[in-house]
Amino acid sequence: MIKDYWTKASSDYSDLIDEEMQKSYKDKWLNFILDEIKDLEGPLEILDIGTGPGFFPLILSSKDRHLTGIDLTEAMIEEAQKKLQAFHVDADLFIMDCQETTFPDQKFDCIICRNLVWTLPDPEKAYKEWFRILKPGGRLLIFDGSWYIHHFDPSAKEKYQALKDYVKKTYDIDVYPYGDKETNPDDYELMKITFLSDKARPAWDEKTLTSLGFTVDKVLEDYLDFLVGKEERLARGDISPVFFIKASK
Ligand SMILES: C[S@@+](CC[C@H](N)C(=O)[O-])C[C@H]1O[C@@H](n2cnc3c(N)ncnc32)[C@H](O)[C@@H]1O
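Bear in mind that the values here come from a model prediction, so they are computed numbers and not experimental data.

1. Let's talk about the site of the ligand
In step 1: As a structural note, the neighbourhood of the ligand is formed by 18 residues, with Tyr-13, Gly-50, Asp-71, Thr-73 and Arg-114 the closest of them.
In step 2: Within the backbone of Gly-50, an N or O atom sits 2.7 Å from a nitrogen atom of the ligand.
In step 3: Leu-72 places a polar main-chain atom, nitrogen or oxygen, 3.1 Å from a nitrogen atom of the ligand.
In step 4: Within the complex, the protein chains bury 99% of what would otherwise be the 600 Å² of accessible surface of the ligand.
In step 5: Take the shell around the ligand: its biggest share by element is three residues, from helix 1 (residues 2-20).

Encoded structure:
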């Protein structure tokens, strides 16, 4: 079911990445990430997990940073291959489940992922696997969100409703109906089976990462308000609670 969902989404996702490749936007991401790994000594081996159409390989690859991207879905890896070719970027791409990779122990200096962890059936197993393939002192950068939490937590629902009304009134935009049974049945089904849908995050992640041996260095809620700008997000109808976690092995 999860693989089918992402296979269906691959083409729309690819169009989104084209929008994100506009210079000012991608530079904001690049500067943010480089700041969080500036203490690591290169050349760096970086793994992008759930790479999708390859946003992180596209913006991060350089002569000092070798990127590997993995994704569960063949269609996403095909989109990533096309984009890397179009932008003349060199990176290694593999179809692979991030909960059980084929990489040797301590291969990577840095593991990065965006909007991936929420969709995993067993995120604790994934974090354990990532700990194994990170070098000692290596860095984990997680960008993720609580897309469904307003269906479970009354205070999140209140905040969601207020932002939804604001976006409608100010920009005449209907926000994406995450997990709505009537208007978005596929997403509702996904919400029902994903383990993290109803968990309080990033607290769940902090606790799990720490129990596995990671040191959590930084947690930033609503990082996109800082990275992109709060009003710019709202103007695009983006009201979901998102967070960033930086951890080290
Ligand atoms: C929301 S997309 C994010 C894509 C990309 N990281 C980005 O931000 O543009 C989530 C991606 O995770 C991939 N994915 C889902 N489960 C996975 C797993 N178990 N292992 C590896 N990739 C997975 C999906 O195929 C999809 O490409």
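Still to come is the rest of the account.
2. A word on the UniProt feature "domain: Methyltransferase type" (unreviewed entry) in the chain
In step 1: The UniProt record marks residues 47-142 with the feature "domain: Methyltransferase type" (unreviewed entry), using the residue numbering of this structure.
In step 2: The distance separating the terminal C-alpha atoms of residues 47-142 is 12 Å; by composition the span is 31% helix and 31% strand.

3. Thoughts on the packing of helix 2 (residues 23-36) against helix 9 (residues 223-235)
In step 1: Closest axis-to-axis distance for the helix 2/helix 9 pair is 9 Å, and the angle between their directions is 150°. When the axes of helix 2 and helix 9 are compared, the pair comes out roughly antiparallel. In contact with Tyr-25, Lys-28, Trp-29 and Phe-32 of helix 2, helix 9 contributes Tyr-223, Leu-224, Phe-226, Leu-227, Val-228 and Glu-232.
In step 2: Split by residue class, the contact of helix 2 with helix 9 holds eight nonpolar, no polar and two charged.

4. A word on helix 9
In step 1: Along helix 9, the sharpest change in direction is near 95° and occurs at Gly-229.
In step 2: All buried positions along helix 9 are accounted for by Tyr-223, Leu-224, Leu-227, Val-228, Gly-229, Arg-233 and Leu-234.
In step 3: In this structure, the buried side of helix 9 is in contact with helix 2, strand 5 (134-145), helix 6 (154-171), strand 6 (215-221) and strand 7 (242-248).
In step 4: Phi turns positive, to about 75°, at Gly-237, one or two residues after helix 9.

5. Here we look at the nonpolar core
In step 1: Ranked by size, the top nonpolar core spans 43 residues in total, and within it Trp-29, Ile-33, Phe-56 and Phe-143 carry the most contacts.
In step 2: Each residue touching Phe-143, except ones within four places of it in the same chain, is listed here: Trp-29, Phe-32, Ile-33, Phe-56, Ile-112, Cys-113, Arg-114, Asn-115, Tyr-223, Phe-243 and Phe-244.
In step 3: One finds Leu-120, Tyr-127, Trp-204 and Phe-243 within the second-largest nonpolar core, a separate group that totals 27 residues.

6. Focus on the pairing of strand 7
In step 1: Counting buried residues along strand 7, seven of its seven residues qualify, which places the element largely inside the surrounding structure.
In step 2: Residues Val-242, Phe-244, Lys-246 and Ser-248 of strand 7 are buried on one face, and the alternating residues Phe-243, Ile-245 and Ala-247, pointing to the opposite face, are buried as well.
In step 3: Two strands pair when backbone bridges link them, and strand 5 and strand 7 are joined in this way by seven bridges, in the antiparallel orientation. Of the residues in strand 7, the one forming a bridge with Arg-139 is Ser-248.
In step 4: Examined bridge by bridge, strand 6 and strand 7 share six bridges and lie antiparallel to one another. Across the sheet, the residue bridging to Thr-215 is Ser-248, located in strand 7.

7. Looking at the environment of Leu-220
In step 1: Within the secondary structure, Leu-220 sits in strand 6.
In step 2: When its relative accessible area of 26% is taken as the criterion, Leu-220 is described as partly exposed.
In step 3: Expressed as a C-alpha distance, the spacing of Leu-220 and Lys-246, which sit 26 residues apart in the sequence, is 8.8 Å.

8. Some details on the packing of aromatic side chains
In step 1: Evaluated as defined, the whole model comprises 25 aromatic pairs.
In step 2: Between Phe-32 and Phe-244 the ring centres are 5.1 Å apart and the planes differ by 80°, which places this aromatic pair in the edge-to-face class. Here Phe-244 lies in strand 7 and Phe-32 lies in helix 2, a separation of 212 residues in the sequence.
In step 3: Phe-244 sits in the buried class, given a relative accessible area of 0%.
In step 4: Pairing Phe-195 with Trp-204 gives two aromatic rings, centres 5.7 Å apart and planes at 65°, and the pair type is edge-to-face.
In step 5: Residue Phe-195 is classed as partly exposed on the basis of its relative accessible area, which comes to 34%.
In step 6: Given the relative accessible area of 16%, Trp-204 is considered buried.
In step 7: A network of ring pairs unites the aromatic residues Trp-29, Phe-32, Phe-55, Phe-56, Phe-143, Tyr-223, Phe-226 and Phe-244 as a single cluster.
In step 8: Geometry around Phe-131 places Lys-249 over its ring, the cationic atom sitting 4.8 Å from the centre.

9. Observations regarding the side chain of Lys-83
In step 1: When you line up the elements, Lys-83 lands in helix 4 (residues 74-86).
In step 2: What makes Lys-83 buried here is its relative accessible area of 7%.
In step 3: When neighbours within four sequence positions are excluded, Lys-83 is seen to be in contact with Ser-14, Ile-17, Asp-18, Pro-53 and Leu-58.

Rules used in this analysis
Residues numbered from 1 in each chain as written. Predicted model: local features only at pLDDT ≥ 70, side-chain atom pairs only at ≥ 80, totals over all residues. Heavy atoms only, no water. Near = heavy atom within 4 Å. Polar contact = N/O pair within 3.5 Å; in protein donor to acceptor, adjacent residues only side chain to side chain. Areas by Shrake-Rupley, 256 points an atom, 1.4 Å probe, with all protein chains shown as cover. Helix = DSSP H or I, 4+ residues; strand = E, 2+ residues; numbered from the N terminus. UniProt positions renumbered as here; feature names shortened; annotations may be inferred. Axes fitted to C-alpha atoms, helices over the stretch in contact; angles between N-to-C directions. Parallel < 35°, antiparallel > 145°, perpendicular 65-115°, else oblique. Contact = heavy atoms within 4.5 Å. Nonpolar A, V, L, I, M, F, W, Y, C, P; charged D, E, K, R; others polar. Bend = angle between axes of the 7 residues up to and from the residue. Buried < 20%, exposed > 50% of the residue type's maximum accessible area, 1.4 Å probe, protein only. Core = buried A, V, L, I, M, F, W, Y, C linked by side-chain atoms within 4.5 Å. Pairing = 2+ DSSP bridges. Phe/Tyr/Trp six-rings, centres within 6.5 Å; stacked < 30°, edge-to-face > 60°. Lys NZ or Arg CZ within 6 Å of the ring centre and 35° of its normal.

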